Amino acid sequence: MELQRARSLLSKHVLLVFLLIALLLRLAATRFPNLAHPDEIFQTEEPAHRLAYGYGVVTWEWREGIRSWVFPAFLAGVMRTTDWMGANSAGYLRGVVLILSLISLITVWFAFMWAKRTSGMAAAIIASGCCAVWYQLIDFGGRALTEVVATHLLLPGLYLGVYGEGLPERKRLFLAGIFCGAALSLRIQLTPAIAFAVLYFCRSNWRKKVVPVAVGLMLPILAFGIVDMLTWSYPFQSFIRYFWVNVVEGRSIAYGVEPWYWYVVVLLEAMGPMLIFAILGVRQSPFLGWVALIILVSHSALSHKEVRFLYPLVPIIITLAALGIAELASTFSIHGNSVASSRATVAGGMAVCALASLLLAPRFPYWARNSGAIVAFDRLSRDSDLCGLGIYAVPWFDTGGYTHLHRNVPIIPVLDTTGLAKSAPAFNALVAPIGISDVATSFNLVGCWNGICLHRRAGACSAPQPENELNDFLRRTGN
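We now turn to the structure provided with this report.

The rules we used
Residues numbered from 1 in each chain as written. Predicted model: local features only at pLDDT ≥ 70, side-chain atom pairs only at ≥ 80, totals over all residues. Heavy atoms only, no water. Helix = DSSP H or I, 4+ residues; strand = E, 2+ residues; numbered from the N terminus. Rg over C-alpha atoms; globule rule 2.2 N^0.38 Å. Buried < 20%, exposed > 50% of the residue type's maximum accessible area, 1.4 Å probe, protein only. Contact = heavy atoms within 4.5 Å. Areas by Shrake-Rupley, 256 points an atom, 1.4 Å probe, with all protein chains shown as cover. Lys, Arg positive; Asp, Glu negative; His and termini not counted. Charge placed at Lys NZ, Arg CZ, Asp CG, Glu CD. Pairing = 2+ DSSP bridges. Axes fitted to C-alpha atoms, helices over the stretch in contact; angles between N-to-C directions. Left-handed = near helix turned anticlockwise from the far one by under 90°. Nonpolar A, V, L, I, M, F, W, Y, C, P; charged D, E, K, R; others polar. Arc of directions from axis to C-beta. Salt bridge = Lys/Arg side-chain N within 4 Å of Asp/Glu carboxyl O. Disulfide = S-S within 2.5 Å.

Here's the deal with the overall build of the protein
Here is step 1 of the chain: Secondary structure summary: the protein contains 22 helices and five strands in total.
Here is step 2 of the chain: Compactness check: the protein gives a C-alpha radius of gyration of 24 Å against a globular reference of 23 Å for 479 residues, within 12% of the reference.
Here is step 3 of the chain: When each of the 479 residues of the protein is scored for burial, the buried share is 54%.
Here is step 4 of the chain: By sequence separation, contacts in the protein at least 24 residues apart represent 74% of the contacts at least 6 residues apart.
Here is step 5 of the chain: Counting only carbon and sulfur atoms, one obtains 65% of the accessible surface of the protein, whose full area is about 21,200 Å².
Here is step 6 of the chain: Positive and negative side-chain charges of the protein, numbering 37 and 27 respectively, have mean locations separated by a distance of 11 Å.

Some details on the sheet that holds strand β5 (residues 452-456)
Here is step 1 of the chain: One open sheet holds the five strands; their spatial order is β2-β1-β3-β5-β4, and the pairing between them is mixed. Whereas interior strands pair on both sides, the edge strands pair on one side only; in this sheet they are β2 (411-414) and β4 (444-449). The mean angle between the axes of side-by-side strands here comes to 20 degrees, regardless of whether they run parallel or antiparallel.

A few points about the packing of helix α10 (residues 169-186) against helix α12 (residues 206-231)
Here is step 1 of the chain: Closest axis-to-axis distance for the α10/α12 pair is 7 Å, and the angle between their directions is 35 degrees. Between α10 and α12 the crossing geometry is right-handed. Contacts between α10 and α12 involve Glu-169, Arg-170, Leu-173, Phe-174, Gly-177, Ile-178, Cys-180, Gly-181, Ala-182, Leu-184, Ser-185 and Leu-186 from the first element and Lys-208, Lys-209, Pro-212, Val-213, Val-215, Gly-216, Leu-217, Leu-219, Pro-220, Ile-221 and Phe-224 from the second.
Here is step 2 of the chain: For the contact of α10 with α12, the residue count by class is 15 nonpolar, four polar and four charged.

Examining helix α22 (residues 470-477)
Here is step 1 of the chain: Buried residues of α22: Leu-470, Phe-473 and Leu-474, and no others. When α22 is viewed along its axis, its buried side chains cluster within an angular range of 100 degrees and face the same direction.
Here is step 2 of the chain: On its buried side, α22 packs onto α3 (60-63) and β2.

A word on the pattern of salt bridges
Here is step 1 of the chain: Considering all chains together, one arrives at 10 salt bridges under this definition.
Here is step 2 of the chain: For Arg-143, the salt bridge identified is with Glu-40, shortest N-O distance 2.8 Å. You can see Arg-143 sitting in the loop between α8 (135-141) and α9 (146-162) and its partner Glu-40 sitting in helix α2 (residues 39-53), a full 103 residues away along the chain. Like Glu-40, Arg-143 is buried.

Let's talk about the environment of Gly-141
Here is step 1 of the chain: In this fold, Gly-141 is placed in helix α8.
Here is step 2 of the chain: Excluding residues that lie within four positions of it along the chain, Gly-141 makes contacts with Leu-100, Ser-101, Ser-104, Gln-136, Val-148, His-152 and Tyr-311.

Looking at the state of the cysteines
Chemically, a disulfide is nothing more than a covalent bond linking the sulfur atoms of two cysteines.
Here is step 1 of the chain: Per the stated rule, a full pass over the model turns up three disulfides.
Here is step 2 of the chain: In this model, Cys-130 is linked to Cys-353 through a disulfide, with the two sulfur atoms separated by 1.9 Å. On the sign convention where negative is left-handed, the bridge of Cys-130 and Cys-353, at about 85 degrees about the S-S bond, is right-handed. In this pair, Cys-130 is assigned in helix α7 (residues 121-133) and Cys-353 in helix α18 (residues 342-360), connecting sequence segments 223 residues apart. Comparing Cys-130 with Cys-353, the two get one shared label, buried.
Here is step 3 of the chain: One disulfide in the model links Cys-387 with Cys-461; its S-S distance is 1.9 Å. Every disulfide takes its handedness from the sign of the S-S torsion; for Cys-387 and Cys-461 that torsion is 75 degrees, giving right-handed. Within this pair, whereas Cys-387 is found in the loop between α19 (371-380) and β1 (389-392), its partner Cys-461 is found in the loop between β5 and α22, the two being separated by 74 residues in sequence.
Here is step 4 of the chain: What makes Cys-387 partly exposed here is its relative accessible area of 22%.
Here is step 5 of the chain: The partly exposed category is assigned to Cys-461, whose relative accessible area is 22%.
Here is step 6 of the chain: Taking only the cysteines that form disulfides and numbering them from first to last, the protein has the pattern 1-2, 3-6, 4-5.

Quick look at the pairing of β4
Within a regular beta strand, the side chains point alternately toward one face of the sheet and then the other, so they alternate between its two faces.
Here is step 1 of the chain: Pairing of β4 with β5 involves five bridges; the strand directions are antiparallel. When the sheet's bridge partners are listed, Cys-448 is paired in β5 with Cys-453.
Here is step 2 of the chain: Between the end of β4 and the start of β5, which pair antiparallel, lie two residues, with Asn-450 showing a positive phi angle near 50 degrees.

Given below as structure tokens:
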């Protein structure tokens, strides 16, 4: 009994240490501002800013009603309750990152709990430690992307559906359904994997299990439907319109098309040796392997592909890799007639994972992507004399929007030198690429960051033509 209690205490301490390490790494990553994808701002944080403060950029998705207000409403609440944490946009941006980073720690918890139940303490330590330090989870963990948050909801749903010790079965399955339903509502592309998981949960004694799972699954889906009814035109509008516009009308294809095998190549490049260990680990947890395969195949069938869409696979592959490493160590100790201690297994597994993460991280393209425009917008949020902002030769979707600017002033996209000369009186700050020679002499260079420069002039701004402001420009161009 004493030994069992000591092991339980040790496991809790190990998990807490890795949770703390993971949180610190995720928060540290935000010290280097970047924009992995425009959706991080303009599909989540920007509508949240509009809810919280009354103004923001409105893209075509929000004009056509293909997005749900549930996640932006959550972020708006975070913004309003954390804007005291710093001046201007810095406060609520820290708050959003902190809350989302805390939620992302679910990946560490899931890896620990799943590996412990499947293969033991050594695998649990390797899995949770690897999730704590894996570069993709560090960079994406605190981002306001629906596929990221959906993953963090899916993982506890998978665990509770299969394990979840200490809870009555009906309650456990009900909670599993709620988490899976919330993940599906945020990311409908996860539907095939969630459908498989639900069937697996109910595979034995299904008459008793199907009701709590189904009720839990439907509750968040119905909640999203009700929110659509209250905020759009009819229940489930965002679900229906999203499918119709992107699948039937093919709007998503306009943003790029990749071959069916593209995700396989991305995984090989991004996961390295962890993918090999994960394949070995499937023998220990076939269910998790099937979930990963279904996510991969169902996403590969879609023409438009993004690296970020594979985020749900990352913690699952790492967990499977930890199981594979533990099994490999066990096999070696048996057939090699040597006793491979659990400490050696853990040390070796953690070394492999940390080294792989360290070597693969520099190839990850998102660490400094679009950081220049983000820094410029953050700096302008502290400029009380700002009365208008021009963006010249910089795509509007590579900026921080009003989420980072947090000044209710016109943002004016400028397309050419004629437009720059004509629109210049309407703004007293200009963001443009380094080396641009068309900037009027009245503007002085403030600074440059990662190829993007901020120019500033003294004085007031004239009223811009309404059609020149960013929202009117987006409406006119269909963006």
